[in-house]
Amino acid sequence: MPTPVGRLTVLYDADCPLCVHLRHWLLRQRQLVPLDLVPAGSHEARRRFPDLDHSATLREITVVGDRGQVYRETNAWIVCLWALADHRAKAHWLATPAGQPFARVTVLAAAKWREALKGPDREGGHGEGGHCEGGHCEVPDPPD
């Protein structure tokens, strides 16, 4: 049976230290489904997905499948784990009625931490997490 998704694009907040850390973590994992990690709201994101609400992608993790599927918030985190060899079984469990409360609490905790890290002076801007010029964002390399 063919995989319903052949490739996923993860739109992440390049200004969020937690999001950038998770980006690097995802890149280090063995992927069963290739992940493209693109800064949310960037020129590249807008070029690839002109019909998305890009301001919403800066507020919540959004993952887009190569066949047009759009996953947000908890489902986006679950599909990211599903794409990884060592975490697919956990993703299947998190998608069940028993696992969904755990997934939701984790996403809510990450959102609160993210907002605390960003602080009021970083809202909507391009701060320390990445440098954006002309709509193109670059993120720092992972720490050694």
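Described in the following lines is the structure provided in the data block.

What counts as what
Residues numbered from 1 in each chain as written. Predicted model: local features only at pLDDT ≥ 70, side-chain atom pairs only at ≥ 80, totals over all residues. Heavy atoms only, no water. Buried < 20%, exposed > 50% of the residue type's maximum accessible area, 1.4 Å probe, protein only. Helix = DSSP H or I, 4+ residues; strand = E, 2+ residues; numbered from the N terminus. Pairing = 2+ DSSP bridges. Right-handed = clockwise from strand over helix to strand, strands pointing away. Contact = heavy atoms within 4.5 Å. Axes fitted to C-alpha atoms, helices over the stretch in contact; angles between N-to-C directions.

**Points about the pairing of strand β1 (residues 8–12)**
- Judged by how many residues are buried, β1 sits mostly within the fold: five of five residues are covered.
- As judged from the five bridges shared by β1 and strand β2 (residues 35–39), these two strands associate in the parallel manner. Residue pairing in the sheet places Tyr12 in a bridge with Pro39 of β2.
- In terms of handedness, the path from β1 via helix α1 (residues 17–28) over to β2 forms a crossover that is right-handed.

**Regarding the pairing of β2**
- Across the five residues that make up β2, a large majority, five, are buried.
- Both faces of β2 are covered, namely the face carrying Leu35, Leu37 and Pro39 and the face carrying Asp36 and Val38.

**Quick word on the side chain of Asp36**
- Of note, Asp36 is situated in strand β2.
- In this structure Asp36 comes out as buried when scored by relative accessible area, which is 18%.
- The contacts of Asp36, once residues within four sequence positions are left out, are Arg7, Leu8, Thr9, Val10 and Arg48.

**Describing the environment of Ala83**
- Inspection of the secondary structure puts Ala83 in the loop between α4 (73–82) and α5 (88–94).
- Sequence-distant contacts of Ala83, defined by excluding residues within four places in its chain, comprise Leu8, Arg30, Gln31, Leu32, Val33, Leu35 and Arg88.

**Considerations on the sheet that holds strand β4 (residues 70–72)**
- Taking strand neighbours across the sheet as the criterion, the four strands line up as β2-β1-β3-β4 in an open arrangement whose pairing is mixed. The sheet is open, and its two edges are formed by β2 and β4, each paired on a single side. With strand direction ignored, the average angle separating the axes of adjacent strands in the sheet is 20 degrees.
- Pairing between β1 and strand β3 (residues 62–65): four bridges, direction antiparallel. Bridge pairing links Leu11 to Thr62 in β3.
- Here α1 sits on the sheet in contact with β1 and β2, set at roughly 160 degrees to β2.
- Against the sheet, α4 touches β1, β3 and β4, its axis set at about 110 degrees to β4.

Any functional reading would require information that these geometric values do not contain.
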